[in-house]
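Residue-level structure breakdown
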Amino acid sequence: MLSKIQQTHPRVYEHFSKIQHGEFWLTRIMELDRYWSMIGNRPAPQVIFDGASLPKGIEISGEFDAIYAGATLGLLHAAALTDLFGKRVLLIDKYTPAKTHRDWNISLRELQRLDSMGFLKLSETEKAITKTYKTGFVEFAARKEKKRLFIDHVLDCAIESDTILQLALNKVTARQDNLVLAQTAFKRCWKLDGGVIVEVERNGTAHFFKAKVLVDTMGVMSPIAMQLNSEHGFVRPQTHVCPTVGTLASGLEEIDYDIGEILVSTEPADTSRGSGRQLIWEGFPASDTLFTSYLFFYDRVDSDNDKSLLNLFETYFEKLPTYKKPSAKFHIEKPVFGIIPAYHHDGFGKTRVTSDDGIVLFGDAASLSSPLTFCGFGSMVRNLERTTSKLADALSRNTTSKSDLDSISAYEPNVAIMSNLMKFMCYDARTDEPNFVNELMNEIMKVLDELPPRYRETLFRDEMSLADFTTLILTVGAKYPKIFSITYKKLGISGSLSWLQNWAGWAVQALSTTK
């Protein structure tokens, strides 16, 4: 496989040839890249069927309260459901459960939620923390008066993702009536009265299992999410995406291992591969010698930009010296990569479909998290107690219809509205000058610097209140009046109205919560 890219992607070939399991990682990257060819071009997959079409004479291999398809973020959810509420679960994963191709960082206060809900004690999760930082910063490559905004208590610890997933896996396997199946692929399911039957494939053989609920945690490539969120019968499960690639590596120069770099740009937009993309870096120490660095960009899912992860990796290795220079001792422990999904809700509340009768979506399959900072892991941790307790209650009451399960989601209006901010970071050469994103975000960082620290901290922790968000927007408008014409140009009338709808929906939800 590597030999096939030697001429087309020489930098990827050079570095992946030295990485342990380089061929495996390349295969995973190319598999994820199939996503781009599916968007808008192919009929949505049909994997959900009514019970009337269930094949005759099938043998049920086991019955469970919940079947989880996908054992990465889904593993955390399944573990909490069985450990705290005693529900029987089956987990299947196409590859190896408790393994991921992304490294995570999060705030310590967020991680403590796992302890406060009685799931994973701090003494346990501390085993997964590989590094804590004193602070972090955001900095964009403005031409003058560049603002480096320091932010405390945000993404201030690095997590060994496989370690925390293993803790969750141990919770699942501690109960003998649970089952975990590796190298097992979801194929299709049938909706019945009061449950679902799920067909999986393992070692070339079909197996059938029954459960009250099928939990889809298969990520951005989920065929269930694609079918439920198709547009005119074609695949379009997200509105925006954030292609992301990087490495966990040692031997990078000028690293401060006490500081995390949350969002950093080093140059104007790149217009070499479509209508333009503003490349952004994230970097955080993973230990006292290892550093995780990501290169990514925000974009509409239907833009003409090149979003290939493989091609972005080639760009990553080309541009890495402009961010962190590799020394002669540069060594890659493993590549990290993913397609971070985003969804703009065009209305007053959640408009994405995250449920069906007997089916509920979480994690990247649901695409309800903010792509700006915490992404799927942070959203899962922040909403874990609420979603697992509500799902356990639904299972106990046998209330698992589409409408029942629709209310069990990670949707948060304060997070959903951030998709509008993300739109400003989607560069378009047809309307934006080359340094547009950098200059605009630099102005917003200046405003945040003048406001009390809680504004920047809650914004980047996805915890901002309605009052503080309103103050921030009004202050940006007063300090930077050009934002109004920019908003009209970037969002148009319909987009601006949609933002106001998001805002109003958040206000209604906030008022109902306080009553």
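Our subject is the structure listed above.
Structure report, in brief. (Residues numbered from 1 in each chain as written. Predicted model: local features only at pLDDT ≥ 70, side-chain atom pairs only at ≥ 80, totals over all residues. Heavy atoms only, no water.)

**A few points about a nonpolar patch on the surface**
Which entries qualify depends on this criterion: Here the term patch refers to residues with relative accessible area over 30% and no salt bridge, with like charges joined within 9 Å and nonpolar side chains (Val, Leu, Ile, Met, Phe, Trp, Tyr) within 5 Å. Only the protein chains shown count as cover for residues, with accessible areas throughout obtained via the Shrake-Rupley method and a probe of 1.4 Å. Salt bridges are counted wherever a side-chain nitrogen of Lys or Arg sits within 4 Å of a carboxyl oxygen of Asp or Glu. Each helix corresponds to a stretch of at least 4 residues labelled H or I by DSSP, and each strand to a stretch of at least 2 residues labelled E; elements are numbered beginning at the N terminus. Any residue under 20% of the maximum accessible area for its type is buried, any over 50% is exposed, and the rest in between are partly exposed; the area is computed with a 1.4 Å probe on protein chains only.
Judged by side-chain polarity, Tyr488, Ile493, Leu497 and Leu500 come together as a nonpolar surface patch covering roughly 450 Å² of accessible area. Here isoleucine 493 lies in helix H17 (residues 482-514). The class of isoleucine 493 is exposed, set by a relative accessible area of 55%.

**With respect to the pattern of salt bridges**
Side-chain pairs of opposite charge can arise where the charged atoms are in close proximity. Under the counting rule described, the total for this entry stands at 38 salt bridges. A salt bridge links lysine 171 to aspartate 83; its shortest N-O distance comes to 3.7 Å. Note that lysine 171 is positioned in helix H7 (residues 161-173) and aspartate 83 in helix H4 (residues 73-85), a separation of 88 residues in sequence. Residue class for lysine 171 comes out buried when judged on its relative accessible area of 18%. Between aspartate 432 and lysine 490 there is a salt bridge; the shortest N-O distance is 2.9 Å. Taken together, the positions of aspartate 432 in the loop between helix H13 (418-424) and helix H14 (436-450) and lysine 490 in helix H17 put the pair 58 residues apart, joining distant regions of the chain. Aspartate 432 sits in the buried class, given a relative accessible area of 5%. Judged by relative accessible area, lysine 490 falls into the buried class, the value being 19%.

**Comments concerning the pairing of strand E11 (residues 195-202)**
Residues in a regular strand point their side chains to alternate faces of the sheet. Worth spelling out the cut-off: We call two strands paired when DSSP finds no fewer than two bridges between them.
Of all eight residues in E11, six are buried, a share of seventy percent or more. Examined bridge by bridge, strand E10 (residues 184-192) and E11 share eight bridges and lie antiparallel to one another. For phenylalanine 186, the partnering residue across the bridge sits in E11 and is valine 200. With antiparallel pairing between neighbouring strands as the criterion, E10 and E11 make up a hairpin whose turn holds two residues, including glycine 194 at a positive phi of roughly 80°. Hairpin remark: E11 followed by strand E12 (residues 205-216), antiparallel, with two residues in the connecting loop; positive phi at asparagine 203, about 55°.

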